[in-house]
Amino acid sequence: MKITHASHLSNDELTAELSRLARCEREATAALIVHLAEFDARRLFEGPGYSSLFKYCMAVLHLSEDAVYNRIKTARAARDYPVIIERLESGALSPTTVRLLAPRLTPESHEELLAAASGKGKRAVEELLARRFPQPDVPARVRKVPSRPVASAVEVAPAVAPAPNTCPPVVRGEPLAAAPPAAAGAKAPPVLPVPAAPRPVVRPLAPERYEIRFTASAEMREKLRLAQDLLGHAIPSGDLAQVFDRALTLLVADLSRKKFAATGRPRRSRGQSADSRHIVAEVKRFVETRDERRCGFVAPDGRRCDERRFLEFHHVIPFGAGGKATADNIELRCRAHNGHEADLFYGPGKRRMRINGTGSGTSPHSESRSRPLGGQASTDGGRRPANP
Ligand SMILES: [Zn+2]
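Criteria and thresholds
- Residues numbered from 1 in each chain as written.
- Predicted model: local features only at pLDDT ≥ 70, side-chain atom pairs only at ≥ 80, totals over all residues.
- Heavy atoms only, no water.
- Phe/Tyr/Trp six-rings, centres within 6.5 Å; stacked < 30°, edge-to-face > 60°.
- Core = buried A, V, L, I, M, F, W, Y, C linked by side-chain atoms within 4.5 Å.
- Buried < 20%, exposed > 50% of the residue type's maximum accessible area, 1.4 Å probe, protein only.
- Helix = DSSP H or I, 4+ residues; strand = E, 2+ residues; numbered from the N terminus.
- Contact = heavy atoms within 4.5 Å.
- Donors = N, O, S within 2.8 Å, 3.2 Å for Na, K, Ca; no water.
- Tetrahedral: all angles 85-135°; square planar, octahedral: opposite > 155°, others 65-115°.

### So, the packing of aromatic side chains
- The final tally for this structure, using the stated rule, is four aromatic pairs.
- A connected cluster of aromatic rings, assembled from ring pairs, spans Phe-39, Tyr-50 and Tyr-56.

Below is the structure:
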């Protein structure tokens, strides 16, 4: 069965179907990992001419490099701790989070650690591990990056058998038991090396400590040298972390001043016409603090959006409907929710027309202007958050 569109579904049907498909995908992933563990133990990739399970999965199963890496690590962990499979099925854990947890699992602690990580995403699990297993600071350093090596090619062989057009029903394997003892003469399943995944750019090391890595241009390197020289008295060591901390403090203050009118010496507004759409600095500062510098949209189930990027000032009662640029009527919204509020107020057709037409797609209405913070507010309608 090939499904190429879902446009015939109602919103409720589409939401329900998406939920069902996500559950099917979790179950299929758990089943794949059960079978992968067994396939690995029997070393069945060798017969078809592959030196590792990793290469087999890429070439024959057509899994992506990241997917293979996470699934093999998870399959090997699940052989020792079968409870992982149940948690994958329920969605409490993912192959990515299991891969992060795997090196820290022990027979004594695995249940508690898996429970603590359940329901958490990759970043939250990285933070959890950094708290439980703190690592020392990494030394600050600047090094010349070698020219990028050519990635080792992974041979892509024709599939062993033509893939059937339809996905068969998911067949659950037997519950994983700890690896059985090898029969006399049989090869013990060795742990094959899996190519290292790219290291994250921001990696928690310990509570309140992070490793941050990036590649800089020669121009930026020169600016860094200049800053180190200028800070020679304040930071004699030229410590990179201290230099960047100072630079970022200045940058954040500058951006906050531009976007939220933040200032250490606020002055009272001189007032303005009540029917002006302009938002005075005093109101911007008040709204920024009240809305905690993040989107103030609250869903019907009470969940508040946590987006902090692409924030816009939003008129609760649209300007075009008489809404004023006052603290009571201005709230922060992310770009998506500014548009969503517009759909709620004006109906969905207006925004779609803008998306398909020439507009930015975020404002519904000829007089509404959806601008990032620092510009004028949009005039979308919407609801007040229950918990601003
Ligand atoms: Zn939002």
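### Topic: the nonpolar core
- With 38 residues, the main nonpolar core has Ile-84, Leu-88 and Leu-101 as its most contacted residues.
- For this core, the secondary-structure elements that each account for two or more residues are helix H1 (11–42), helix H2 (53–59), helix H3 (65–80), helix H4 (83–90), helix H5 (95–101), helix H6 (110–117) and helix H7 (122–132).
- With sequence-adjacent residues up to four places away left out, Leu-101 is seen in contact with Leu-93, Leu-113, Leu-114, Ala-117, Val-125 and Leu-129.
- If you look at the next biggest cluster of nonpolar residues, it comprises 14 residues, including Phe-260, Ile-279, Phe-297 and Leu-332.

### Quick notes on the coordination of the zinc ion
- Looking at the metal site, the zinc ion is ligated by Cys-295 (SG), Cys-305 (SG), Cys-334 (SG) and His-337 (ND1), spaced 2.1 to 2.4 Å from it.
- Coordination at the zinc ion comes from four donor atoms whose angles at the metal span 99 to 123 degrees, giving a geometry best classed as tetrahedral.

### With respect to unusual backbone geometry
- Of note in this structure, Glu-208 is not a glycine but carries a positive phi near 70 degrees.
- With respect to the secondary-structure elements, Glu-208 resides in the loop between strand E1 (202–206) and strand E2 (209–212).
- Despite not being glycine, Arg-293 has its phi angle at roughly 55 degrees, a positive value.

### Comments concerning the environment of Ile-279
- Mapped onto the secondary structure, Ile-279 falls in the loop between helix H9 (240–260) and helix H10 (281–290).
- C-alpha of Ile-279 to C-alpha of Lys-324: the two residues are 45 residues apart in sequence and 9.0 Å apart in space.

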